[in-house]
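Residues per chain are reported as follows:
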Amino acid sequence: TELQAAEIDENEDLISVHELYNLLNAGIMAPYIHDPFYLLMLDARSQSEYQQSHVITANWQNSVTKDMRFLIDPVAFLDRYSLIVVYDEKSESVADSRGSGPQLVQRLEKLGIEHVSLVSGGYGAVQESYPFLCNTKFVAIILIHVSLTNAGF
């Protein structure tokens, strides 16, 4: 029926935390995580939440939109990536318009980007299942580097 088809389409945009882990570690000679155009991971949470901790290799959602190449042609910029994965704090459905993750997925799909997925359960689910993928020390190192660089060292 039409209702079942709608449910299937909605679920196609979701990936589990286990699928995310497999995406990060898949590869023939080396994990695809080393390929800069394989996977673009976007954190749809607030900037302060992102700065406290995020999934390794993730970019904060607004950092991508500041890239000049994105401003000139967002579709060409995003089409460079084989996959785009979005996560927020805990969204379970792309249809949930209240969550920042589903909203970002919907915006990207309206641009014509077809290879966008939402992590089911969001950052909370990733942190619970794979805490080693959630990096707080890396953020601290960057903040120290930035403060030393700005101090003139």
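Fair warning: this is a prediction, and the values are worked out from it, not measured in the lab.

Engineer: In this structure, what is going on with the packing of helix α2 (residues 17–25) against helix α8 (residues 122–129)? I would like to understand it.
Structural biologist: In helix packing, the relevant descriptors are the interaxial angle and the interaxial distance, both defined with respect to the helix axes. Viewed as axis vectors pointing N to C, α2 and α8 meet at an angle of 70°, and their least axial separation amounts to 9 Å. Taken together, the axis directions place α2 and α8 in an arrangement best described as roughly perpendicular. Contacts from Val17, His18 and Leu20 of α2 reach α8 at Ala125, Val126 and Ser129. For the contact of α2 with α8, the per-class residue count stands at 4 nonpolar, 2 polar and no charged.

Engineer: Would you explain unusual backbone geometry in this entry?
Structural biologist: For residues besides glycine, phi is generally negative; the peptide bonds are generally trans as well. Not every positive phi belongs to a glycine, and Thr57 is a case in point at roughly 75°. Within the secondary structure layout, Thr57 lies in the loop between β3 (54–55) and β4 (59–60).

Engineer: Help me out: how do you make sense of the environment of Ser117 in this one?
Structural biologist: Mapped onto the elements of the fold, Ser117 is located in strand β6 (residues 116–119). The class of Ser117 is buried, set by a relative accessible area of 14%. In the structure, Ser117 is positioned 30 residues away from Tyr87 in sequence and 8.6 Å away in space, judged by C-alpha atoms. Among all residues touching Ser117, those that are not within four sequence positions of it are Asp13, Ile15, Ile84, Val85, Val86 and Val105.

Engineer: What's the story with the confidence of the model for the chain in this structure? I'm lost.
Structural biologist: Note: predicted coordinates in regions of low pLDDT should not be interpreted at a detailed level. In this model, the chain carries a mean pLDDT of 81, and residues with pLDDT of at least 70 account for 76%. The least confident element of the chain, judged by mean pLDDT, is helix α1 (residues 2–12) at 43; the most confident is β6 at 96. Throughout residues 1–10 the model reports pLDDT below 50, and contacts reaching past four residues in sequence, or to other chains, amount to 3 contacts.

Engineer: Would you mind showing me how to read the pattern of salt bridges here?
Structural biologist: Two side chains bearing opposite charge may form a pair once their charged atoms approach each other closely. Enumeration according to the criterion identifies 3 salt bridges in this entry. Here Arg45 ties to Glu89 by a salt bridge, and the two come within 3.5 Å at their closest N and O atoms. In this pair, Arg45 sits in the loop between β2 (39–43) and α3 (47–52) while Glu89 sits in the loop between β5 (83–87) and α7 (100–110), placing the two residues 44 residues apart along the sequence. A relative accessible area of 33% places Glu89 in the partly exposed class. Several salt bridges converge on common partners, so that one network encompasses Asp43, Arg45 and Glu89.

Engineer: Is there a simple way to think about the packing of aromatic side chains in this case?
Structural biologist: In this description, an aromatic ring pair is defined by two values, namely the gap between the centres and the angle between the planes. One pass over the full model with this rule turns up 7 aromatic pairs. For the pair Tyr21 and Phe132, a centre-to-centre distance of 6.1 Å together with 85° between the ring planes defines the contact as edge-to-face. Of this pair, Tyr21 sits in helix α2 while Phe132 sits in the loop between α8 and β7 (134–135), and the two are 111 residues apart along the sequence. Grouped by ring-pair contacts, the aromatic residues Phe37, Phe70, Phe77 and Tyr81 constitute a single cluster. Looking at Arg45, its charged tip hangs above the ring of Tyr123, at a distance of 4.1 Å from the centre.

Rules used throughout
- Residues numbered from 1 in each chain as written.
- Predicted model: local features only at pLDDT ≥ 70, side-chain atom pairs only at ≥ 80, totals over all residues.
- Heavy atoms only, no water.
- Axes fitted to C-alpha atoms, helices over the stretch in contact; angles between N-to-C directions.
- Helix = DSSP H or I, 4+ residues; strand = E, 2+ residues; numbered from the N terminus.
- Parallel < 35°, antiparallel > 145°, perpendicular 65-115°, else oblique.
- Contact = heavy atoms within 4.5 Å.
- Nonpolar A, V, L, I, M, F, W, Y, C, P; charged D, E, K, R; others polar.
- Buried < 20%, exposed > 50% of the residue type's maximum accessible area, 1.4 Å probe, protein only.
- pLDDT = per-residue confidence, 0-100.
- Salt bridge = Lys/Arg side-chain N within 4 Å of Asp/Glu carboxyl O.
- Phe/Tyr/Trp six-rings, centres within 6.5 Å; stacked < 30°, edge-to-face > 60°.
- Lys NZ or Arg CZ within 6 Å of the ring centre and 35° of its normal.

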